[in-house]
Amino acid sequence: MSTRPDLVLVDGSSYLYRAFFALPPFSNSRGEPTGAVFGVLNMLNKFLKDYEPERIAVVFDAPGKTFRDDLFAEYKAHRPPMPDELRAQLQPLLEAVKGLGLPILREAGVEADDVIGTLACAAAKQDLNVLISTGDKDMAQLVAPRITLINTMSNTLLDREGVKTKFDVYPEQIIDYLALVGDSSDNIPGIDKVGPKTAAKWLGQYQTLDALVADAANVGGKVGENLRAGLMTLELSRKLATIRTDLTLPLSLDDLRRKPPDVGTLRNLYTRLELRSLLKQLDGGAAPAPDAATAAAPAAPAAPAAAAGMTPATPAAGLGDAAHAIAAAPRAYETITTEAQLDDWLRKLEAAELFAFDTETTSLEYMRAEIVGVSFAVAPGQAAYLPLRHDYAGAPQQLDREKTLARLKPLLESDKRPKVGHHIKYDAHVLARHGIDLRGMRYDSMLESYVWNSVLRHDMDSAAERYLGIRTIHYEDVAGKGAKQIPFSQVPVDKAAEYSAEDADVTLRLHLVLWPQIAAVPPLKALYEDCEQPLVPVLLRMEEHGVLLDRQMLRTQSSELAKRLMEVLAEAHKEAGAPFNLDSPRQLCTILFEKMQLPVLRKTPTGQPSTAEDVLEELAESYRLPKLILEHRSLSKLKSTYTDKLPEQINEKTGRVHTSYHQAVAATGRLSSQDPNLQNIPIRTPEGRRIRQAFVAPPGYVLLAADYSQIELRIMAHLSGDKGLLDAFANDRDIHQATAAEVLGIGLDQVTAEQRRSAKAVNFGLIYGMSSFGLAKQLGIPRGAAQEYIDLYFARYPGVKRYMEETRAQAKAQGYVETVFGRRLYLPDINARNKQFQQAAERAAINAPMQGTAADIIKRAMITVDAWCGRPDCGARLIMQVHDELVLEVRQERLAEVTAAVRDCMTAAASLKVPLKVDVGSGANWDEAH
């Protein structure tokens, strides 16, 4: 096919559903859903740019029944109706497509596939090259010498050989193939237990379905029985799968010529829908100047962007005059290359009440990064870049790095000179590599964005576009992408200066816009000043110190895991009766569902039997092979993620691993960690606990682990005020035993282990929104019995039920929920018309105050524990935080004193209606301490 096809046919219905389910549920400030419109138009614009077609049609399904419904009343009967959020976007999308100058076809009584098939075949007969853009596998039957498919999402072309490669049959066999395999989404019957591999095998042998049917009596095995049993519906399946190519259509091929776009119509539509990036494209890609209607900024303090329903690419409205001026201030950037310029900027920085700064480095790994340059900003638009180590051929003369940093050191180490950065902890690490102890870290625009609205993204590029309406220079714009990306030291100084000075400038502007809004909400201001910002130096010290690992122990464990993996593999092959790749979903399907005939519990979106973990877990209750596969997966993950990788992450200079703790990732306030991820090191399996044994104390020290006991349940008791829960915790009862006794109306001493297990499942399950279905599955009991238990629970703990109902109502009314300390979690889907989205938001509304409060409490505890450890000759230091647990290195002779102090600090981190309880242990390694 030529680069530019003679006719392009777009499966608009396929585009529509893909955009709707692939993108988050975006909406404009009036709550109108816009995500599907935005997604389809972006796909169309890219496609038009790539292929520049003269003839084109965008084809959508028409409302109402089709001839296939007359053939088979159950056709598509299992498919749910179009979601209301999607239905509301259809008319605006049709208007937009028409505004783009693209012919639209919607034919009653048939499907979009039939319209496309008719047009494609008619064009091919006239020797026109046709390109069909779709994600529908059924369309493969249309592929011919002049008809090609393209999957726009993956940008892959499908010609005759491509169809054979993908389906193992040729285009002319696709109808027969679909008839055999069936389609659960369309409710096409097919032949029971016949999957793609069997269908392709039969068609490879018999060529046609008719030939296969003629020889059906000789097809052996269980699958042959299934074929013979399904012969009565096979012809129906073939008719349902056949795309018609003989329709009489209202438009001829000559009518499908593309027209110039109606810019006025598109502008009005994009403005109403608040599709800002599409508006920019209409204006030639230039960002519109901020004005009262479209300026970018946080919304009023009571309703940030997500609560107001803005898309991630659409900044919130409601910017005040002062903030407008900050966002629109003109730029005056300077490159510092002389001592005189440096003197001038040192005077500016000394005189500034607050300045922003940013470092450019050789690496993202803070323990290896060296400074290439530094940028500063003292007012919106007034910024400079100080290049110090650009080393490409022809690079201009730069100031000496060590001498210049020595001149900056008193300023950077001064507590009296407040500073703002974006992820300032990283810059502090980098400066530490050069002997500078950064102080005065007063603000961090990344954390301000996080405290203001945690559910959004907080990288500088996203925050600048959302709150300032500024589309920043991206790192890839100056350094390149992928394998062609160059080190920052190789970036030309003029490009580096514009990029880095902008970073400092945008950081300052973000702070000047965000901080007044945070300060206007006292709980958020306190959260920032008392918790998030004071935690930065705590995490900095933990990361710098690192955690000691026993490299040899990990290598031994890796060897043992490798041996066990080979044993499990051999057992799995023996169980299956043949070797196969345990990591291949296709081969798993063949072994489990074709050869061994295990029941298919769930199918993937492509119609294949699912081999997901939860499916295998259910099968493992009755069959040995799925259990072996799960064991192999678990051991393989432990080996690749931990025992193999952790030794490689040990810093050769310190002998320790130095993780990165992230404050601005989890919406609930929880910390996360990366390289390595300490939050997910397993504890529930013996193999996982052995990995924790490699986290060791240095000579003369022990590890101390202090863990909050059942903190989220205690927070539930506090928030709900339920008398039963409050009494149980006040009297230090086993909460699960107490719950079982209360719900079942028996004495504490009568509670069995099984009854306690059920109570524990309910106690924790309700926090996470578990339904009766989920509880029944977890406990292995009928759903009715599970619902009865939940009903009894709420009858005995009415305060919990009241709290859950009130929290849902509050979330629906104000769009967010709060922790005990005022942290907000915005819930943009809490009033969504899509019930699935709404129910997920309701579960989050109930859980977030507990998870978020637990996160706030342990952060406050970290600050006080770190301060206590900072005393002279304390003999202890904080080295890890994992979930509700703190880990310290403690000198052996100070263990008793430190244990008491840590317990006191942690229990005093919050004053709840129930006491906080902390379990403390110690040992030579983390496993012993825990």
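Every value quoted in this text rests on a predicted model; they were computed, and no experiment measured them. (Residues numbered from 1 in each chain as written. Predicted model: local features only at pLDDT ≥ 70, side-chain atom pairs only at ≥ 80, totals over all residues. Heavy atoms only, no water.)

1. Quick look at the overall build of the protein chain
Item 1. The helix and strand tally for the protein chain stands at 38 helices and 22 strands.
Item 2. Scaling as 2.2 N^0.38, a compact globule of 930 residues should have a C-alpha radius of gyration of about 30 Å, and the protein chain matches this with 32 Å.
Item 3. In terms of its C-alpha atoms, the protein chain occupies a principal-axis envelope of roughly 90 × 75 × 55 Å.
Item 4. Counting only residues that meet the buried cut, the protein chain has 54% of its 930 residues in that class.
Item 5. Long-range pairs, those at least 24 residues apart, make up 68% of the contacts in the protein chain with a sequence separation of at least 6.
Item 6. Total accessible area computed for the protein chain in this model is approximately 40,600 Å², and 52% of it derives from carbon and sulfur atoms. (Helix = DSSP H or I, 4+ residues; strand = E, 2+ residues; numbered from the N terminus. Rg over C-alpha atoms; globule rule 2.2 N^0.38 Å. Buried < 20%, exposed > 50% of the residue type's maximum accessible area, 1.4 Å probe, protein only. Contact = heavy atoms within 4.5 Å. Areas by Shrake-Rupley, 256 points an atom, 1.4 Å probe, with all protein chains shown as cover.)

2. Comments concerning the side chain of Glu360
Item 1. Locating Glu360 in the fold gives a position in strand β8 (residues 355–361).
Item 2. For the buried residue Glu360, which engages in no salt bridge, the nearest side chain bearing the opposite charge is Arg331, 12 Å off.
Item 3. The residues touching Glu360, leaving out its near neighbours within four places in the chain, are Glu370, Ile371, Val372, Gly373, Tyr385, Phe488, Tyr499, Ser500 and Asp503. (Lys, Arg positive; Asp, Glu negative; His and termini not counted. Salt bridge = Lys/Arg side-chain N within 4 Å of Asp/Glu carboxyl O.)

3. Considering the sheet that holds strand β12 (residues 441–444)
Item 1. Strand order in this open sheet of six strands is β7-β10-β9-β8-β11-β12, and the pairing throughout is mixed. Lying at the two open borders of the sheet, with one neighbouring strand each, are β7 (332–335) and β12. Averaged over all pairs of adjacent strands, the angle between their axes in this sheet comes to 25°, without regard to strand direction.
Item 2. Bridge analysis of β8 against strand β11 (residues 419–421) gives two bridges, and the strand direction is parallel. Bridge pairing links Phe355 to Lys419 in β11. (Pairing = 2+ DSSP bridges. Axes fitted to C-alpha atoms, helices over the stretch in contact; angles between N-to-C directions.)

4. So, the side chain of Thr590
Item 1. Mapped onto the secondary structure, Thr590 falls in helix α24 (residues 585–595).
Item 2. Exposure remark for Thr590: the relative accessible area of 18% places this residue in the buried category.
Item 3. For Thr590, the residues in contact, after removing those within four places along its chain, are Lys197 and Lys595.

5. Describing the packing of aromatic side chains
What characterises a pair of aromatic rings is the spacing of the ring centres plus the angle enclosed by the ring planes.
Item 1. Tallied over the full model, the rule gives 13 aromatic pairs.
Item 2. Taking 4.9 Å as the distance between ring centres and 40° as the angle between the ring planes, the aromatic pair formed by Phe47 and Tyr51 counts as tilted. Pair noted here: Phe47 and Tyr51 are both in helix α2 (residues 35–51), with a separation of four residues, about one helical turn.
Item 3. For Phe47, a relative accessible area of 3% gives the class buried.
Item 4. A residue is classified by how much of its surface remains accessible, and Tyr51, at 15% relative accessible area, is buried.
Item 5. Centre to centre, the rings of Tyr475 and Tyr499 are 6.0 Å apart; their planes meet at 70°, and the pair counts as edge-to-face. Residue Tyr475 is found in helix α20 (residues 475–479), and its partner Tyr499 is found in helix α21 (residues 493–519); the two are separated by 24 residues along the sequence. (Phe/Tyr/Trp six-rings, centres within 6.5 Å; stacked < 30°, edge-to-face > 60°.)

6. Points about the environment of Val213
Item 1. Within the secondary structure, Val213 is located in helix α9 (residues 209–214).
Item 2. By relative accessible area, which is 33% here, Val213 ends up partly exposed.
Item 3. Non-local contacts of Val213, meaning those with residues more than four positions away in its chain, are made with Leu231 and Leu234.

7. Some points on the pattern of salt bridges
Item 1. A full pass over the atoms with the stated rule returns 61 salt bridges.
Item 2. Between Arg457 and Asp459 there is a salt bridge whose closest N-O contact spans 3.4 Å.
Item 3. A salt bridge links Arg823 to Glu532; the shortest N-O distance between them is 2.6 Å. Taken together, the residues span a long stretch of sequence, with Arg823 in the loop between β18 (816–818) and β19 (824–826) and Glu532 in helix α22 (residues 522–545) at a distance of 291 residues.
Item 4. For Arg823, a relative accessible area of 4% translates into the label buried.
Item 5. Residues participating in the shared-partner salt-bridge network are Arg564, Glu567, Glu571, Glu575, Arg624 and Glu631.

8. Re the pairing of strand β4 (residues 130–133)
Item 1. Burial along β4 is two-sided: Val130 and Ile132 facing one way and Leu131 and Ser133 facing the other are all buried.
Item 2. As defined by bridge partners, strand β1 (residues 7–11) adjoins β4 across four bridges and the pair is classed as parallel. In the sheet register, Leu9 faces β4, and the bridge partner there is Ile132.
Item 3. Across four bridges, the pairing between β4 and strand β5 (residues 147–151) is parallel. Along β5, the bridge assignment pairs Ser133 with Ile150.

9. A closer look at helix α31 (residues 735–744)
Item 1. In terms of residue burial, α31 counts as a mostly covered element, since seven of its 10 residues are buried.
Item 2. When we look at burial in α31, the residues that qualify are Ile735, His736, Ala738, Thr739, Ala740, Ala741 and Val743.
Item 3. On its buried face, α31 is in contact with α29 (711–720), α30 (723–730), α32 (753–767) and α34 (783–796).
Item 4. Once α31 ends, the next one or two residues include Gly745, with phi positive near 70°.

10. Thoughts on the environment of Leu234
Item 1. Along the polypeptide, Leu234 turns up in helix α11 (residues 231–241).
Item 2. Judged by relative accessible area, which is 3%, Leu234 ranks as buried.
Item 3. When the C-alpha positions of Leu234 and Pro145 are compared, they lie 29 Å apart, and in sequence the two are 89 residues distant.
Item 4. Leave out the neighbours within four places in its chain, and Leu234 touches Ala179, Leu180, Ile191, Leu209, Val213 and Leu227.

11. Points about the nonpolar core
Item 1. Residues Phe695, Tyr708 and Leu888 are the most contacted members of the largest nonpolar core, which totals 115 residues.
Item 2. A per-element tally of this core places helix α36 (residues 835–869) first, with 11 residues.
Item 3. Counting 69 residues, the second largest nonpolar core, distinct from the first, contains Ala352, Leu388, Leu456 and Leu527. (Core = buried A, V, L, I, M, F, W, Y, C linked by side-chain atoms within 4.5 Å.)

12. Points about the packing of helix α18 (residues 445–452) against α22
Item 1. At a minimum axis separation of 11 Å, α18 and α22 run at an interaxial angle of 140°. Between α18 and α22, the crossing angle belongs to the class labelled oblique. As α18 packs across α22, the resulting crossing turns out to be right-handed. Along its contact with α18, which presents Leu447, Glu448, Tyr450, Val451 and Trp452, the element α22 presents Leu524, Leu527, Tyr528, Glu532, Gln533 and Val536.
Item 2. Class assignment of the residues belonging to the contact of α18 with α22 gives a composition of eight nonpolar, one polar and two charged. (Parallel < 35°, antiparallel > 145°, perpendicular 65-115°, else oblique. Left-handed = near helix turned anticlockwise from the far one by under 90°. Nonpolar A, V, L, I, M, F, W, Y, C, P; charged D, E, K, R; others polar.)

13. A few points about the sheet that holds strand β3 (residues 104–105)
Pairing between the strands of a sheet is mediated by backbone hydrogen bonds and can be parallel or antiparallel.
Item 1. Spatially, the six strands line up as an open sheet ordered β3-β2-β1-β4-β5-β6, and their pairing is mixed. Among the strands making up the open sheet, the edge pair consists of β3 and β6 (156–158).
Item 2. Bridge count for strand β2 (residues 56–59) against β3 is two bridges, and the pairing is parallel. Within the sheet, the bridge partner assigned to Val59 lies in β3 and is Leu105.

14. Section: unusual backbone geometry
Item 1. Note the cis peptide between Asp675 and Pro676, where omega equals 0°.
Item 2. The residue Pro676 is located in the loop between β16 (672–674) and α28 (686–692) in this model.
Item 3. With a phi angle near 65°, Asp168 is a residue other than glycine that sits in the positive phi range.
Item 4. Along the chain, Asp168 falls in the loop between α6 (160–167) and α7 (174–181).
Item 5. Of note in this structure, His883 is not a glycine but carries a positive phi near 55°.
Item 6. Take His883: it is sitting in the loop between β20 (876–882) and β21 (885–891).

15. Structural notes on a negative patch on the surface
Item 1. A contiguous patch of negative charge, built from Glu613, Glu617, Glu618 and Glu621, is present on the exposed surface.
Item 2. Considering the arrangement of structural elements, one finds Glu621 in the loop between α25 (613–620) and α26 (624–643). (Patch = residues over 30% accessible without salt bridge, like charges linked within 9 Å, V, L, I, M, F, W, Y side chains within 5 Å. Charge placed at Lys NZ, Arg CZ, Asp CG, Glu CD.)

16. Let's talk about helix α37 (residues 895–907)
Within an α-helix, residues lying three or four positions from one another point in the same direction, as the helix has 3.6 residues per turn.
Item 1. Here α37 spans 18 Å end to end across 13 residues, near enough to the 18 Å set by a 1.5 Å rise per residue.
Item 2. Within α37, the full set of buried residues consists of Leu895, Val898, Thr899, Ala901, Val902, Cys905 and Met906.
Item 3. In this structure, the buried side of α37 is in contact with β17 (701–708), α36, β20, β21 and β22 (918–923). (Expected span 1.5 Å × (residues − 1).)

17. Here's the deal with the packing of α24 against α26
Item 1. Contact pair α24 / α26: the axes reach a minimum separation of 11 Å and the direction vectors enclose 160°. The orientation of α24 relative to α26 falls into the category roughly antiparallel. The residues of α26 that touch α24, namely those facing Leu588, Ile591 and Leu592, are Leu625, Pro626, Ile629 and Arg633.
Item 2. Looking at the contact of α24 with α26 residue by residue, the classes come out as six nonpolar, no polar and one charged.

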